[in-house]
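Coordinate analysis (summary)
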Amino acid sequence: MTGPRTGPAYDPAALARRARAQLLPEHYDFIAGGAGEERALRENEDAFARLALLPRVLRGGPGSGTRVTVLGREWPAPLFVSPTAFHRLAHPDGELATARAAAATGTPLVTGMAATTAVADVVAAARARNPEAVVWFQLYLQPEHEVTAELVRRAERAGCSALVVTVDSPVFGSRTRDLRNGFHDLPPGLAAENMRDLPGAAPGGTRDIAMWPAGWDDLRRLRDLTDLPLVLKGVLHPADARTAVEQGVDALLVSNHGGRQLDAAPAAVEALPAVAGAVAGRIPVLVDGGVRRGTDIALALALGAVAAGVGRPVLWALATGGEDGVTELLSTLRADFAQVLALCGGHRPGDLTADQVVARGFPYHRPKGEPAW
Ligand SMILES: Cc1cc2nc3c(=O)[nH]c(=O)nc-3n(C[C@H](O)[C@H](O)[C@H](O)COP(=O)(O)O)c2cc1C
Ligand SMILES: O=C(O)C(=O)c1ccccc1
């Protein structure tokens, strides 16, 4: 046999179980949980499991690898780390460990305004491992424009190369487990470091991160404030996708926020085809939610995404293995995707197409278009 072998079997559910054994129950629940009855949360993974890939055969030729180009930068694989709050809940090294692992594997990282490490320190840790490291900054538009403006300046000064504006949170979702556990505040010693010393804000608590019903006008104000590319995170409706393109948004991230906001939202991967159709190739479309293995990345690409993000698995890997754990997770996901791509008869990520995606069950039917038999 020639070519790389993938490593020992990777079991995403076992990783989550090991993390659960490491963490305080209320911290595990904060990370694992979703809104309401956790339907949107479950659907993200279940929707991938309901889909199958039709491999193409005898396509010959060598593979040219897993590289993709996103907003003018080459990524080694169509995989990135989605923004998640409070990495120091998972491991004392927190976002610094995540940043080092992402940089070491060349995986773009979206660090968030709810990080427990300041964005300047996150980018510095990443660049120390890999001067080419791609770090984006995620923010919620704040009711006080000056607060948003200061966050943007901090991200720019730190060296972030795009802003991810999360737009699915006009209000905070009802996180059932957090309400049950009474988990509202970070433990002593941890703080949302990006919120320190902002105009009008008290230093460092989670409650400084306002979720607020911003409008397209507020997005235009942000557009006028910075030359960084803007990525809208949390778009599910194709009409919003069209508006975003018209408004000059640079990319979309299709997401139901890991099932943590609207519990009736569809799985991200189910919303993806309509959004990709509305965008019609004018800007890149990314997706996150329920991505756990190479086949999920392949399905996301076949359905119109240029790359897929992982959220919770990174926190589980961080909790169980710190920086090394995250490095292993990201390398394994990339190798797994490379193998799936080859098994599908693809030579490069763009070779995966929607006609290769079928709903499981017999007789199976294609999600759109002609029956496949
Ligand atoms: C613990 C946790 C914290 C999160 N914090 C944020 C955040 O601050 N901003 C944001 O846009 N999304 C946040 N998300 C959503 C993620 O960016 C992402 O959409 C989601 O986790 C992807 O689904 P996955 O966890 O199934 O991979 C968070 C998710 C989790 C699990
Ligand atoms: O966005 C989230 O899902 C999230 O958990 C969070 C928590 C506190 C502040 C900001 C985001």
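What you are looking at is a predicted structure, and each value in this text was computed from that prediction instead of being measured.

Take the overall build of the protein next. When its secondary structure is counted, the protein shows twelve helices and twelve strands. For 373 residues, the compact-globule estimate of 2.2 N^0.38 gives 21 Å, and the C-alpha radius of gyration of the protein, at 20 Å, lies within 12% of that figure. Viewed in the frame of its principal axes, the protein has a C-alpha envelope of about 60 × 45 × 45 Å. Out of the 373 residues in the protein, the part that is buried amounts to 53%. As displayed, the protein has an accessible area near 16,300 Å², and 52% of this comes from carbon and sulfur atoms. The protein carries 38 positive and 41 negative side-chain charges, and their two centres are separated by 5 Å.

Across the nine residues of helix α11 (residues 294-302), eight count as buried, placing the element largely inside the fold. Backbone geometry just after α11 places G304 at a positive phi near 120 degrees.

Take the environment of L341 next. Position of L341 among the secondary structure elements: in helix α12 (residues 312-343). Taking C-alpha positions, L341 is 39 Å from M211, a pair spaced 130 residues apart along the chain. Those residues within four positions of L341 in sequence are excluded, and the remaining contacts are G65, G346, H347, R348, P349 and L352.

Burial of strand β11 (residues 307-310) is two-sided: the residues A307 and G309 facing one way and the residues A308 and V310 facing the other way are all buried. Bridging between strand β4 (residues 79-81) and β11 involves three bridges; their strand directions are parallel. Within β11, the position partnered with L79 by the bridge is A308. Strand direction decides the pairing type here: strand β10 (residues 285-288) and β11, joined by three bridges, are parallel. Its bridge partner lying in β11, D288 is registered against G309. Handedness of the β-α-β unit built from β10, α11 and β11 comes out right-handed.

With respect to the helices, strands and loops of the structure, Q142 is situated in the loop between β6 (135-139) and α6 (145-158). A distance of 3.0 Å separates the side chain of Q142 from the backbone oxygen of A210, its partner in a polar contact. Leave out the neighbours within four places in its chain, and Q142 touches M113, V147, T148, L151, M195, D208, I209, A210 and W212.

This part takes up the pattern of salt bridges. Within the structure shown, the criterion is met by 18 salt bridges. Linking R67 and E74 is a salt bridge whose minimum nitrogen-to-oxygen distance equals 3.6 Å. Its salt-bridge partner being E193, residue R196 comes within 2.4 Å of it at the nearest N-O pair. Judged by its relative accessible area of 33%, R196 is partly exposed. Residue classification places E193 among the partly exposed residues on the basis of a relative accessible area of 21%.

Lining the immediate surroundings of ligand 1 are 23 residues, of which P83, T166, D288, R292 and G311 lie closest. One of the side-chain N or O atoms of K233 is found 3.0 Å from a nitrogen atom in ligand 1. In this structure, an oxygen atom belonging to ligand 1 sits 2.9 Å away from a side-chain N or O atom of D288. Contributing elements (two or more residues each) for the shell around ligand 1: α2 (25-32) and α12. Tallied by class, the residues present in the shell around ligand 1 amount to eight nonpolar, ten polar and five charged.

Turning next to the confidence of the model for the protein. In regions of low pLDDT, the predicted coordinates are not meant to be interpreted in detail. When pLDDT is averaged along the protein, the result is 94; 92% of the residues meet or exceed 70. Prediction confidence for the complex, expressed as pTM and ipTM, is 0.96 and 0.99 respectively.

Basis of the calculations
- Residues numbered from 1 in each chain as written.
- Chains lettered and ligands numbered in written order.
- Predicted model: local features only at pLDDT ≥ 70, side-chain atom pairs only at ≥ 80, totals over all residues.
- Heavy atoms only, no water.
- Helix = DSSP H or I, 4+ residues; strand = E, 2+ residues; numbered from the N terminus.
- Rg over C-alpha atoms; globule rule 2.2 N^0.38 Å.
- Buried < 20%, exposed > 50% of the residue type's maximum accessible area, 1.4 Å probe, protein only.
- Areas by Shrake-Rupley, 256 points an atom, 1.4 Å probe, with all protein chains shown as cover.
- Lys, Arg positive; Asp, Glu negative; His and termini not counted.
- Charge placed at Lys NZ, Arg CZ, Asp CG, Glu CD.
- Contact = heavy atoms within 4.5 Å.
- Pairing = 2+ DSSP bridges.
- Right-handed = clockwise from strand over helix to strand, strands pointing away.
- Polar contact = N/O pair within 3.5 Å; in protein donor to acceptor, adjacent residues only side chain to side chain.
- Salt bridge = Lys/Arg side-chain N within 4 Å of Asp/Glu carboxyl O.
- Near = heavy atom within 4 Å.
- Nonpolar A, V, L, I, M, F, W, Y, C, P; charged D, E, K, R; others polar.
- pLDDT = per-residue confidence, 0-100.

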